[in-house]
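# Observations on chain architecture
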Amino acid sequence: MRRLLMALVTALALVPALPAAAEAAEAPVDLDALFVGAHPDDEAFTLSTLGQWKEDHDVRTGVVTVTRGEGGGNAVGPEEGPALGLLREAEERAAVAKAGIGEVFNLDDVDFYYTVSAPLTDQVWGGDTLEKVVRTIRQTRPEILLTMDPAPMPGNHGNHQEAARLAIEAFYAAADPQAFREQITREGLRPFAPARLLTGGGRGTSQTGPSCAASFQPANPAQNVYGVWSGRASQGGRTWAAIERDAQRTYASQGWAVFPDVPSDPAQLGCDFFTQVDARVPFPEPGTAAAAAPTAILDGALTRPGGTVPLGTLLTLRTSTFDVRPGTPFTVEVTATAAAREPLGRSSAALRVPEGWVVKGSGDLGRIAAGRTGSATFTVIPAAGAAGRVRIGAMLTTERGRGYTDRQVEAGSGVRGQQQLLPQVDQYEKWVTEVGVPQLRGLVTPVLTLPAGGSRQVGVVVTNVSDAARSGTVRVDLPAGFAADRTEAAYRDLAPGASVTVPFTVTNTDTSLKTSNEGGDYAYTVTVDGTVTGRPALELVPATTIPQAASTTGPTVDGAEGDGEYTGTALDISRRWEGTACSSAADCSGTAKLAWRDDTLFVLVHVRDDVLGTRLAAADCKRHWRTDAVEVALDPRGTSENTSTTFKAAVLPVTADSNVAGSATPGPPCALRDADNRQGPATGVRIASAVSSGAYTVEMSIPMEVLPGSVDPEHLGLNILVYDSDTQDKTGQTRIGWSTWGGVQGDPYRWGVATLPGYRPPADRLVPDPVIPDTALSSLDSPQSLEQAVHVNVPLAGGPAAQAAESGRVISATGAQDGVKVTVRTGAAGTAHLFVRDAQGTAGSRVVTVSGAGTTTVTVPLTRTLAAAPRVVAGWQAPSGGTTASQAPVR
């Protein structure tokens, strides 16, 4: 396939000559597309598209996986930690191979636990992950960069958000010769600018069937969303949706082996959608047949439709500002660069703007020779009354064909007003500004929660985006069932570029309104100076009062409700938040009661469940979502941004452990802490359970001293969640609970609120630092990664290659009676990771520390007899941190 020649003339002039060692080295694999995800299964819902690209256009795609998913569950065995990472890597390689993908680049960052917090993910992964992504892009040179959703949408995994943000930052940093400059000066890499950047998915609606791409209606009409129909038949006759489903089932450790078949009728199959973030090349104009074609994402970067400019042509549009105002001019610059050996000839650009907008400027680009650039500057004046997100497009016309590009702007008044943002949303919006991708601004509807029947302060943040000081009025119009202490409030003398928060106290006055996902978002209107500037929302969460227990010792923890032990209101924990709907109350439903005494919280949960899931061994009391479990989540102050400052304990009502071998009698319950301040055994928590036909009861006493911080008796964050499994294969079906939203287990702000009248916490209770899992598999210990590194000549884990003077490699391997004798030649001290491999996998391994330069011969013991095609694959860790990979046949 013809490769895109990116025109980085100025940038490359600053790059020093390659070191001699790099000039002589074999070139790394040259990719066409690269997907960046966080876990081994994150690419699984794009494989229909990637498979079509490979089959139809020989597009070579690679996958970057930041972690190996060691924090996930395991439905197929006891492996966890690095051993689970090795298993999940094997699943991923087998899965993506069904779409013709052979390269998976693991970056070796730790997968800790489910969180919806990108800030926590960034904190745990550390500061070198972006450098690793940039290095991988510079090594593999993909024209198309694909990734996930960077926005903190409700339930969006924080690891997914962070992986997407890394990919977006890397799109720009990889092209910048000043970014990670040592990759250029020491490692011999060159800046590289991918042509197009897209995130997976699309916000909007469409039909199924062949028209799914053409019928897509984006929620933001200025977004460019492209679809690739999964119902197309492969060369083997099966639909690509069916092939993708086969690949997804490969992730058996995650319980995906039970995924149902996709519809056999292609008309019922939809598209894989992708939303474009940025592009350096022309792309199909929205609304045209070309934009709905299966090649729409490839066009301009890897494929050239008839009548368009040659591949390698760059085309960009930049506006002087993102926030534009009616009647106020702004400038637009269109720049076109011809490919290195493909002149464009006489060229011009014409702008496409909304109706009523005025454009001034000729658009003449002159005659553009090969490798040369032409640009034109326009003045644009938005129409009176212009409002909302709009598209500014440019059509390039040349002697060699046409091309299109565009950019979003947001039209509005000189003053913006929006409801104050949640911490993770506020952090996202600041990231958008820092990276310079305002087109990703405002993807998350601003929401705030308040307890049913309760009050809270709601701030409206007013920002002056004009060039003069402003004064005015903010108004909030709330939906029925809510009231504010005032309807309007003034702001005064707000300087250009400045912001001020105008507070309102909002109360839920109608306690009959539905809470949680049953109520959804209660939208309202923010108006600044008579112009509507926002449609944020309030979300009701359930509230309760936890009474003090009558007994001086509190309830007896025995799995039964004694007379007078729990006098408070029973909480309904039967609402679904994820998974398959309960077929009836007998299938999955429940109630909960709570009490407190002294410094202890007591919880009694009664669950109706007609089929108990897999009985796990007490030693396997972890990852409770694989079977039946009750989870109690507590946020001591009710203010946590993520669960690292909360307490989450789960109880499995039964285990497989019994005093009688082979007995059908259930074993005792077990308790664990997961995804919170300190995971592991639920130390200090007392539990009991009682199992009967079609039901079970779990009771807990939780010393409040084990919570990460003092309880605020007026605002304890509380949730009680039930995980229901009706299978014996360690897969769950339904999740129900009290405060229910998608992904709520990781969202403390959406938990319910409890008050504890009369409770007084100790004044000196400290908040302990969170304990976060920090062990990940090293690619040096993955023979799969080592074999790939040998094959594609890309160093391990996004890191640098070992310097020639410090490198090490296997030079021979010979079968012997006690194993395989392996000789390694090294340029310095370091560590060799040796694996004996054959057609059946790994037959032996050994890690050897080498003290200095020279040759070292060691014996790698075997765990079984060698099969066909025996070889030794070796990874080398140099003293300065670089790696090499090599292999040799076993003679």
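What counts and how
Residues numbered from 1 in each chain as written. Predicted model: local features only at pLDDT ≥ 70, side-chain atom pairs only at ≥ 80, totals over all residues. Heavy atoms only, no water. Helix = DSSP H or I, 4+ residues; strand = E, 2+ residues; numbered from the N terminus. Contact = heavy atoms within 4.5 Å. Axes fitted to C-alpha atoms, helices over the stretch in contact; angles between N-to-C directions. Parallel < 35°, antiparallel > 145°, perpendicular 65-115°, else oblique. Nonpolar A, V, L, I, M, F, W, Y, C, P; charged D, E, K, R; others polar. pLDDT = per-residue confidence, 0-100. Phe/Tyr/Trp six-rings, centres within 6.5 Å; stacked < 30°, edge-to-face > 60°. Buried < 20%, exposed > 50% of the residue type's maximum accessible area, 1.4 Å probe, protein only. Pairing = 2+ DSSP bridges.

What follows concerns the environment of A813. Tracing the backbone shows A813 in strand β44 (residues 808-816). When the C-alpha atoms of A813 and P889 are compared, they prove to be 6.3 Å apart, with 76 residues separating the residues in sequence. With near-sequence residues (within four places) excluded, A813 lies in contact with V820, K821, V822, V872, A888, P889, V890 and R891.

Let's shift gears to the packing of helix α5 (residues 118-125) against helix α7 (residues 158-173). The contact between α5 and α7 brings their axes to 8 Å, and the two run at 70 degrees. Classified by the angle their axes make, α5 and α7 are roughly perpendicular. Mapping the contact onto sequence places A118, T121, D122 and W125 in α5 and G158, N159, Q161, E162, A163, R165 and L166 in α7. By residue class, the composition of the contact of α5 with α7 is four nonpolar, four polar and three charged.

This part takes up the confidence of the model for the protein. Across the protein, the average pLDDT comes to 95, with 96% of residues at 70 or higher. In this model, residues 1-24 is a region of pLDDT below 50 whose contacts with residues beyond four sequence positions or in other chains number 61 contacts.

Once that is clear, we can look at the packing of aromatic side chains. Considering all chains together, one arrives at 12 aromatic pairs under this definition. Residues F171 and Y172 carry aromatic rings whose centres are separated by 5.0 Å and whose planes lie at 90 degrees to one another, so their mutual orientation is edge-to-face. For Y172, a relative accessible area of 23% corresponds to the partly exposed category. Summarising the aromatic geometry, the rings of Y428 and W431 are spaced 5.9 Å apart at their centres and angled 25 degrees between planes, so their arrangement reads as stacked.

On to the sheet that holds β44. Taken in spatial order, the three strands line up as β44-β45-β48 in an open sheet, and their pairing is antiparallel. The strands lining the two open edges of the sheet, one partner per strand, are β44 and β48 (854-860). With direction set aside, neighbouring strand axes in the sheet form an average angle of 20 degrees. With eight bridges joining them, β44 and strand β45 (residues 819-826) adopt antiparallel strand pairing. Within β45, the residue paired with A813 across the bridge is V822.

Summarising the element assignment, V29 is placed in the loop between α2 (20-24) and β1 (33-37). Beyond its immediate sequence surroundings of up to four residues, V29 is in contact with R60, F105, Q139, T140, R141, V792 and V794.

Quick look at the pairing of strand β16 (residues 373-381) now. One ladder, built from eight bridges, connects strand β12 (residues 330-337) with β16; its direction is antiparallel. Paired with A336 across the two strands is G374, which belongs to β16.

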